[in-house]
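# Understanding the architecture of this molecule
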Amino acid sequence: QVQPVESGGGLVQVGGSLRLSCTASGRSFESNAMGWFRQAPEKEREFVAALWWSDGAPYYEDFAKGRFTISRDAAKNILFLDMNNLKPEDTAVYYCARVSVSRGIWAGDNWGQGTRVTVSS
């Protein structure tokens, strides 16, 4: 499998914004749901958001609704996560992955290496 590659992480202040990007093969984007997970220090990895590549239908974890936006550039095979009004609890390594959902549980495979986001207070 071709691994996604994440970019766009960095250090931001509380209330700031950041755009994360994920690149992968066009075939992966066209045939799968793609999404974002994050893992904060000392915490388990958690689902953030996902979309179905074919129609762009988005799905969000509750904490992401209203602040985060998932989208894609189909022509360039890029998945985005736009994060606004960032909070210290958003500090985490953010991972891009191919995702699936069953019985309300999201799972990922074909993980990227992650990009680190740090939100300073």
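This report concerns the structure included in the present document. (Residues numbered from 1 in each chain as written. Predicted model: local features only at pLDDT ≥ 70, side-chain atom pairs only at ≥ 80, totals over all residues. Heavy atoms only, no water.)

### Observations regarding the overall build of the protein
As a reminder of what qualifies: Secondary structure counts use DSSP, requiring at least four H or I residues in a row for a helix and at least two E residues in a row for a strand, with both numbered from the N terminus. The reference for a compact globule is 2.2 Å times residues^0.38; the radius of gyration itself is calculated from the C-alpha atoms. Summary of the burial criterion: residues with accessible area below 20% of their type's maximum are buried, those above 50% are exposed, and those between are partly exposed, where the area comes from a 1.4 Å probe applied to protein chains only. Residue contacts follow a heavy-atom distance rule, with two residues in contact if any of their heavy atoms lie within 4.5 Å.
Counting its regular elements, the protein contains one helix and eleven strands. In sequence order, the secondary structure elements of the protein are arranged as β-β-β-α-β-β-β-β-β-β-β-β. Its C-alpha radius of gyration of 13 Å places the protein within 12% of the 14 Å reference for a compact globule of 121 residues. Based on the C-alpha atoms only, the size of the protein along its principal axes is roughly 40 × 30 × 25 Å. Counting the 121 residues in the protein, one finds 44% classified as buried. At a minimum sequence separation of 6, the contacts of the protein that also span at least 24 residues come to 53%.

### Comments concerning the pairing of strand β8 (residues 78-83)
For clarity, the threshold we go by: Here, strands pair whenever DSSP counts at least two bridges between them.
For β8, the tally of buried residues reaches six of six residues, placing the bulk of the element in the interior. The side-chain alternation of β8 yields two buried faces, one formed by Ile78, Phe80 and Asp82 and the other by Leu79, Leu81 and Met83. Looking at chain direction, strand β3 (residues 18-23) and β8 are connected through six bridges and run antiparallel. When the bridges of β8 are listed, arginine 19 appears paired with aspartate 82.

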